[in-house]
Amino acid sequence: PADLPFVTVQAEDTQQRLFDLPCEATERVKNLSWMSQVTVRLPDALAGAGNLNVSVSVRGKLSNKAPLRIE
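Residues numbered from 1 in each chain as written. Predicted model: local features only at pLDDT ≥ 70, side-chain atom pairs only at ≥ 80, totals over all residues. Heavy atoms only, no water.

(A) Region of interest: the packing of aromatic side chains. As enumerated under the stated definition, the model contains zero aromatic pairs in all. Above the plane of the ring of Phe-6 lies Arg-59, whose end atom (NZ or CZ) is 3.9 Å from the centre. (Phe/Tyr/Trp six-rings, centres within 6.5 Å; stacked < 30°, edge-to-face > 60°. Lys NZ or Arg CZ within 6 Å of the ring centre and 35° of its normal.)

(B) Fine view of a nonpolar patch on the surface. Taken together, the side chains of Leu-32, Trp-34 and Met-35 define a hydrophobic patch exposed on the protein surface, amounting to about 320 Å² of accessible area. Along the chain, Trp-34 turns up in strand β4 (residues 32-40). Judged by relative accessible area, Trp-34 falls into the exposed class, the value being 65%. (Patch = residues over 30% accessible without salt bridge, like charges linked within 9 Å, V, L, I, M, F, W, Y side chains within 5 Å. Areas by Shrake-Rupley, 256 points an atom, 1.4 Å probe, with all protein chains shown as cover. Salt bridge = Lys/Arg side-chain N within 4 Å of Asp/Glu carboxyl O. Helix = DSSP H or I, 4+ residues; strand = E, 2+ residues; numbered from the N terminus. Buried < 20%, exposed > 50% of the residue type's maximum accessible area, 1.4 Å probe, protein only.)

(C) Broad picture of the layout of surface pockets. In this structure, the largest pocket spans a volume of roughly 300 Å³. As for the largest pocket, its lining consists of twelve residues, of which Val-7, Thr-26, Ser-36, Val-38 and Val-58 are closest to the centre. When contributions to the lining of the largest pocket are tallied by element, the ones reaching two or more residues are β1 (7-12), β3 (23-29), β4 and β5 (50-58). Here the lining of the largest pocket is built from residues that sort into seven nonpolar, two polar and three charged. (1 Å grid on protein atoms, 1.4 Å probe; cavity = no way out; pocket = protein on both sides within 12 Å on 5 of 7 lines; lining within 4 Å. Points joined across faces, edges and corners; volume = space filled by probe spheres on them. Nonpolar A, V, L, I, M, F, W, Y, C, P; charged D, E, K, R; others polar.)

(D) Fine view of the nonpolar core. Membership of the largest hydrophobic core is limited to nine residues, which are Val-7, Val-9, Ala-11, Phe-19, Leu-21, Leu-46, Leu-52, Val-54 and Ile-70. For this core, the secondary-structure elements that each account for two or more residues are β1, β2 (18-21) and β5. Sorting elements by how many residues they give to this core places β1 first, with three residues. Apart from the residues within four sequence positions on either side, Leu-52 is in contact with Ala-11, Glu-12, Asp-13, Leu-46, Ala-66, Pro-67, Leu-68 and Ile-70. (Core = buried A, V, L, I, M, F, W, Y, C linked by side-chain atoms within 4.5 Å. Contact = heavy atoms within 4.5 Å.)

(E) Up close: the pattern of salt bridges. All told, the structure shown has four salt bridges when counted by the stated rule. A salt bridge links Lys-65 to Glu-12; its shortest N-O distance comes to 2.7 Å. Of this pair, Lys-65 sits in the loop between β6 (61-62) and β7 (66-70) while Glu-12 sits in strand β1; the two residues are 53 residues apart in sequence, bridging distant segments of the chain. Where Glu-24 meets Arg-41, a salt bridge forms, and the shortest distance between an N and an O atom there is 2.7 Å. One end of the pair, Glu-24, is in strand β3; the other, Arg-41, is in the loop between β4 and β5, and 17 residues separate them in sequence.

Listed below in structure tokens is the structure:
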């Protein structure tokens, strides 16, 4: 995908440590042309991490933080 080199994803844990999540794919969501899907690889260090806040940056534009729970 053309946007892949311009997409970065970061997770923040409850101790405010930051983790870069390797982005593996981006694509439009079928039947929702205004929405895109980002697929990332979860590093082994985050297995069982509990509550995280995840943000996505595309071409320098940062998203809001979305909560994610990893068990």
